Amino acid sequence: MNIFYNDNTLYINMDDIADSKDILKLKRRVFKILDDYSIDNIVLNIVTDNHDSKELLNSFIDEYQRVYHGKIIMKK
């Protein structure tokens with residue numbers, strides 16, 4: 001996982017989401033950053049073709065939008 005910040009946008013690059021542990025790690029890292037800094041935009045670049053991974057990723061997005069109300073963009 002590679003996370004970097006530029007121009008009020010948090011960029012997250014991941015190769016794959018194998019299981020719920022990966023999503024939990026993603027949530028902890030990203031939500032900690034968002035709690036510490038005022039960032040309105042997130043760009044997710046996650047390469048995965050796994051159906052289960054997409055469901056886990058959707059749970060992350062749903063929680064992000066419910067808690068932080070920011071803008072999130074998915075790139076593939």
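Residues numbered from 1 in each chain as written. Predicted model: local features only at pLDDT ≥ 70, side-chain atom pairs only at ≥ 80, totals over all residues. Heavy atoms only, no water.

Draft legend 1. The arrangement of the sheet that holds strand S2 (residues 9-14) in detail. The sheet built from four strands is open, its strands ordered S1-S2-S3-S4 with mixed pairing. Every interior strand has two partners, whereas the edge strands, strand S1 (2-6) and strand S4 (71-75), have only one. Each strand axis lies, on average, 15 degrees off the axis of its neighbour in the sheet, ignoring direction. Of the pairings in the sheet, the one linking strand S3 (residues 41-46) to S4 comprises five bridges and is parallel in character. In the strand pairing of S4, Val43 is matched with Ile73. (Pairing = 2+ DSSP bridges. Helix = DSSP H or I, 4+ residues; strand = E, 2+ residues; numbered from the N terminus. Axes fitted to C-alpha atoms, helices over the stretch in contact; angles between N-to-C directions.)

Draft legend 2. Representation of the packing of aromatic side chains. The tally for this structure, following the rule as stated, stands at four aromatic pairs. Ring centres of Phe31 and Phe60 lie 5.5 Å apart, and the angle between their planes is 15 degrees; this geometry places the pair in the stacked category. Residue Phe31 is located in helix H1 (residues 20-36), and its partner Phe60 is located in helix H2 (residues 51-68); the two are separated by 29 residues in the primary sequence. Here Phe31 and Phe60 have matching classes, each one buried. Here the aromatic rings of Tyr64 and Tyr68 are separated by 5.9 Å at their centres, their planes lie at 25 degrees, and the arrangement is stacked. Placement of both Tyr64 and Tyr68 in helix H2 is noted, with a separation of four residues, approximately one turn of the helix. (Phe/Tyr/Trp six-rings, centres within 6.5 Å; stacked < 30°, edge-to-face > 60°. Buried < 20%, exposed > 50% of the residue type's maximum accessible area, 1.4 Å probe, protein only.)

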